Amino acid sequence: MHRSSPPSASRPPLPPADPDALAHSERLSAHLRTLIRQNDDWLPFDQWMEQALYAPGLGYYAAGSAKLSPASSGPQVTAGDFITAPELSPFFGRTLAREAARVLTACDSLHVLEFGAGTGRLAEDVLTELHHMGMPVRYSILEVSADLRQRQQARLAPWQDQVEWLDALPDAFSGCVLANEVLDAMPVKIVGWIADSEDLSTPAQPVEYGIALDDDDRFIWQARPAQATLATRIEQRLLPYPGYRTEINLQAEAWIGQMGRWLQRGAALLIDYGFPQHEYYHPQRATGTLMCHYRHHAHPDPLLLPGLQDITAHVDFTAMADAALRAGLDVSGYTSQGRFLMNAGLPELLSELDPRETALYAQAVGPVQKLLGEAEMGELFKVLALSRGLPASLQGFARGDRRHTL
Ligand SMILES: C[S@@+](CC[C@H](N)C(=O)[O-])C[C@H]1O[C@@H](n2cnc3c(N)ncnc32)[C@H](O)[C@@H]1O
């Protein structure tokens, strides 16, 4: 099961949390209640998500829970909360390494920078493949979670001469940037339109959703009029359907804006689930894309079990491409993950397998089908390439480039 695992219509109850986990969640809840009271009794959702995921020592990514499931858990995974492409199959990282090698050759660099490296699995596969290709790269990792950084350091110990961890964005960088499922983990604003139910002649108003406390100190949703800059974004992107509710990821746009300052030469390959803006804000997607993951159960309520569950939103790739153009970067490719992997060399890598070794072959090919399958990760996940000063076009987008849909 991967991070876009669908919520079931009749949702089964979430697995029970053990007493230690509940006590941990209660500590984070107390911290959130304090912040709400200090902030005029209302915390905008992006600040809630920031704390729920990243509050030092308390947030989902900042504390020691398992989070990502290792692929070796098998099909009946129970450890962790979700599984990502690098954890599913080494062929994901190996194929990405092939594309990274082309970027590095084109910009005459031997430097890779990965954001949000999770368990370090992608880094391990990319380093291994580039090593086999005779490219001894320097591999920098920027990871906001101290807990995951420790796990990465343990896994990547055999590569210690090549790997380093950064504490802040670089001032300048030339090479290949990788970020798998990082944009979707950045805190989003929840926004929408609300009409006055008493006076139907009044037009709907743009609102921002945040969290307040009821009389019993329980977390509740509360909408407030959107501030001027946010209201403008809402008006530009969403049709004014009363009751429409969705997300805007200003933090991811700002992150790409910063990339415009530090990426001097090379390309960033950003892989995540999402769509172009016209699909993201489609009238039928009236409750947005926010999703939570707890022990392989997907559900849409981020106020449950703070600190114990992952919270994520799909990516509006048009907004990401626009932010890149505003920052002076080129948008050099956009396609589905399935297309990208096929273009970038996955078939050649698979051809190294011997189909007569049936058990090993099936073990390798099954997860690859998940990476490629239209009903699995192949279509929902996209790859966006942002670049500067790259003389060559990228092979990963040679067929099926969909930039025209952004
Ligand atoms: C869903 S996990 C994906 C992990 C890994 N890339 C994978 O595919 O298995 C999201 C990762 O992004 C990290 N992250 C979130 N925001 C980040 C940021 N602004 N800079 C660097 N890492 C970030 C999280 O700590 C976590 O490691």
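Treat the numbers as computed from the prediction; the structure is a model and nothing was measured. Within any chain, residue numbers begin from 1 and follow the written order of that chain's sequence. Only residues with pLDDT of at least 70 get local features here, since the model is predicted, and only at 80 or more are side-chain atom pairs given and counted; chain-wide, interface and lining totals rely on the full set of residues. Calculation of side-chain values draws on the structure's entire complement of heavy atoms; hydrogens and water are dropped beforehand.

(A) Spotlight on the site of the ligand. With respect to spatial proximity, 21 residues lie near the ligand, and among them Tyr54, Thr84, Gly116, Glu143 and Asn180 are the closest. Polar contact is the term for a pair of N or O atoms within 3.5 Å; when the atoms are in protein, one must be able to donate a hydrogen and the other to accept it, and sequence-neighboring residues count only if both atoms are side-chain atoms. Here an oxygen atom of the ligand sits 2.6 Å away from a polar atom, N or O, in the side chain of Thr84. Contacts to the ligand include Glu143, whose side-chain N or O atom sits 2.5 Å from an oxygen atom. In this classification, the charged set is Asp, Glu, Lys and Arg, the nonpolar set is Ala, Val, Leu, Ile, Met, Phe, Trp, Tyr, Cys and Pro, and all remaining amino acids, among them Gly, are polar. Its residues assigned to classes, the shell around the ligand comprises 13 nonpolar, 5 polar and 3 charged. The cutoff for a nearby residue is simple: one of its non-hydrogen atoms must lie within 4 Å of the molecule or strand.

(B) Spotlight on the domain arrangement of the protein. An automatic or database domain assignment provides the domain bounds reported here. If you check the domain split of the protein, you get domain 1 (19-187 + 249-405) and domain 2 (189-247). Here the C-alpha centre of domain 2 lies 30 Å away from the C-alpha centre of domain 1. Note on contacts: a residue pair qualifies if any of its non-hydrogen atoms lie within 4.5 Å across the two residues. The interface of domain 1 with domain 2 comprises 34 residues on the first partner and 24 residues on the second. A quick way to say it: buried area is the sum, across both parts, of accessible area lost when two parts are put together, with a 1.4 Å probe. In this assembly, domain 1 packs against domain 2 so that about 2500 Å² is buried in total across both faces, 58% of it on carbon and sulfur atoms. Contact with domain 2 buries surface across domain 1, with Trp42, Tyr281 and Leu303 losing the most and accounting together for 28% of the total. Criterion for a salt bridge: a side-chain nitrogen of Lys or Arg within 4 Å of a carboxyl oxygen of Asp or Glu. Where domain 1 touches domain 2, the interface holds 5 salt bridges. Lys189 is the salt-bridge partner of Asp46, the closest N and O atoms lying 3.1 Å from each other. The interface formed by domain 1 and domain 2 contains 18 residue pairs in polar contact (both at pLDDT 80 or more). Strands here mean DSSP runs of E at least two residues long; helices mean DSSP runs of H or I at least four residues long; both are numbered from the N terminus. Sorting the residues of the side of domain 1 that touches domain 2 by element identifies helix 1 (19-38), strand 1 (43-44), helix 2 (45-54), helix 8 (250-262) and helix 9 (277-280) as the ones contributing at least two each.

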